[in-house]
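Chain and residue survey
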Amino acid sequence: MLISSQEDLKPLLPNALEAVRSERSLFDKIQPWLLNEQEWLEQNILPPNLIDCLESVPNDNSVKRMAAQLVAVLALARNIRELDLVLTPNGFAVVSNSNLAPASRERVDALAKDLFCQADRLIVNLIDMLRRSEAWRQSELASRFYSTLIYSPVILDRVDLRSQSYPSLWNKWLDYLPDIESIEMTIALRYLSIEQLEQLRIANLSGSISNPQRAVCSLLIGIIRTSLISGYIDYPRMESVIQFMKSHKSDFELWHASEVAKAYLEPVVFKNDRNAKGYFF
């Protein structure tokens, strides 16, 4: 396990107060939830073989610490209502004596919301670390993030299309992902070519990307965000993308070699044909 004792847990939750004598530690109380959240991590972001590698490295390893902290924060965020917690000036505390009064529902809801916000930040930062790892990029779990230019949930932070509320940006990203992929496929078929889109997705996630490619990815992400809200693709902005790729052939060779690009590189010229029935002088 990434977190196997109270000593492992304590540095990850610096605002948690110490348990009093004869009281079970916070680790003992939430251990089953820690196991559940590590399974969630293995199924969604970090494959089991890489977690096995992390378990053998020191706790101050940046990736291990962030992954473990994510597990701890999610365990509390999703189960906090089952714990006897109160908010204090220094964070939260376990109710264990008459000096601490149970927290109101509003305060517990606020704490849960804050924990989910922390989890979102940890997910974003963890993905940002992992995308630089070739071992992670070659894993099956990474394919989900390769499936779109919007690989980070934080990009959807201010996109509010649906009346539905989400407990976290991660849930929002998962819900929007099919629509994002559909918009990107429409852009690929009409303007970009599938080959060029896939190449940009890989380069954008890995960080091995040229400045012109980065500029196009930034434009495309803006177009996708706008399309999620408006329901249509911003054609003038797509035209700007096309013109930019025209002038940077070496950075967009796949587009220049595609069938899609022919309509923009070799525009159709209408000419009279003397043998055609509709010929006129």
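Report on the accompanying structure.

1. Points about the overall build of the protein
- Secondary structure summary: the protein contains 13 helices and two strands in total.
- Counting all 281 residues of the protein, 45% fall into the buried class.
- Within the protein, residue pairs in contact and separated by at least 24 positions form 63% of the contacts whose partners lie at least 6 positions apart.
- Just so you have it, the protein exposes about 15,500 Å², and 51% of that area is on carbon and sulfur atoms.

2. Some remarks on the side chain of Thr148
- As for its position among the elements, Thr148 is in the loop between α7 (142–146) and α8 (169–192).
- By relative accessible area, Thr148 is classed as buried at 1%.
- In terms of polar contacts, Thr148 uses its side chain to reach the side chain of Glu184, at 2.7 Å.
- If we ignore the near neighbours within four places in the chain, the residues touching Thr148 are Trp173, Leu177, Ile180, Glu184 and Arg201.

3. What to know about unusual backbone geometry
- Backbone geometry at Ser193 places phi at a positive 85 degrees, although glycine is not the residue there.
- Assignment of secondary structure puts Ser193 in the loop between α8 and α9 (194–206).

4. Side note on helix α4 (residues 62–79)
- When the terminal C-alpha atoms of α4 are compared, their 26 Å separation across 18 residues agrees well with the 26 Å that a helix rising 1.5 Å per residue should span.
- The backbone nitrogen of Val63 lies 3.1 Å from a side-chain oxygen of the residue at the head of α4, namely Asn61.

5. What about the packing of α8 against helix α11 (residues 235–246)?
- At a closest axis distance of 11 Å, the pairing of α8 and α11 adopts a crossing angle of 55 degrees. Classed by the angle they form, the pair α8 and α11 counts as oblique. The two elements α8 and α11 cross, and the hand of that crossing is right-handed. Contacts between α8 and α11 pair Ile187, Arg190, Tyr191 and Leu192 from the former with Tyr235, Met238, Ile242 and Met245 from the latter.

6. Structural notes on the packing of aromatic side chains
- The full count for this structure, using the stated rule, is ten aromatic pairs.
- Where Phe145 meets Trp170, the ring centres are 6.3 Å apart and the plane angle is 45 degrees; that geometry is what we call tilted. Remark: Trp170 occurs in helix α8 and Phe145 occurs in helix α7; sequence separation between them is 25 residues. With respect to class, Phe145 is no different from Trp170; both count as buried.
- Linked through ring pairs, Trp40, Trp136, Phe145, Trp170 and Trp173 together constitute an aromatic cluster.
- When the ring centre of Trp40 is taken as reference, the NZ or CZ atom of Arg78 above it lies at 5.2 Å.

7. Topic: the packing of α9 against helix α10 (residues 211–230)
- Look at α9 against α10: their axes get within 10 Å of each other, and the N-to-C directions meet at 105 degrees. Taken together, the axes of α9 and α10 lie roughly perpendicular to each other. Counting all contacts with α9, which are made through Gln199, Leu200, Ala203 and Asn204, the residues of α10 involved are Gln213, Val216, Cys217, Leu220 and Ile221.
- Split into classes, the residues belonging to the contact of α9 with α10 amount to six nonpolar, three polar and no charged.

Reading the values: the criteria
- Residues numbered from 1 in each chain as written.
- Predicted model: local features only at pLDDT ≥ 70, side-chain atom pairs only at ≥ 80, totals over all residues.
- Heavy atoms only, no water.
- Helix = DSSP H or I, 4+ residues; strand = E, 2+ residues; numbered from the N terminus.
- Buried < 20%, exposed > 50% of the residue type's maximum accessible area, 1.4 Å probe, protein only.
- Contact = heavy atoms within 4.5 Å.
- Areas by Shrake-Rupley, 256 points an atom, 1.4 Å probe, with all protein chains shown as cover.
- Polar contact = N/O pair within 3.5 Å; in protein donor to acceptor, adjacent residues only side chain to side chain.
- Expected span 1.5 Å × (residues − 1).
- Axes fitted to C-alpha atoms, helices over the stretch in contact; angles between N-to-C directions.
- Parallel < 35°, antiparallel > 145°, perpendicular 65-115°, else oblique.
- Left-handed = near helix turned anticlockwise from the far one by under 90°.
- Phe/Tyr/Trp six-rings, centres within 6.5 Å; stacked < 30°, edge-to-face > 60°.
- Lys NZ or Arg CZ within 6 Å of the ring centre and 35° of its normal.
- Nonpolar A, V, L, I, M, F, W, Y, C, P; charged D, E, K, R; others polar.

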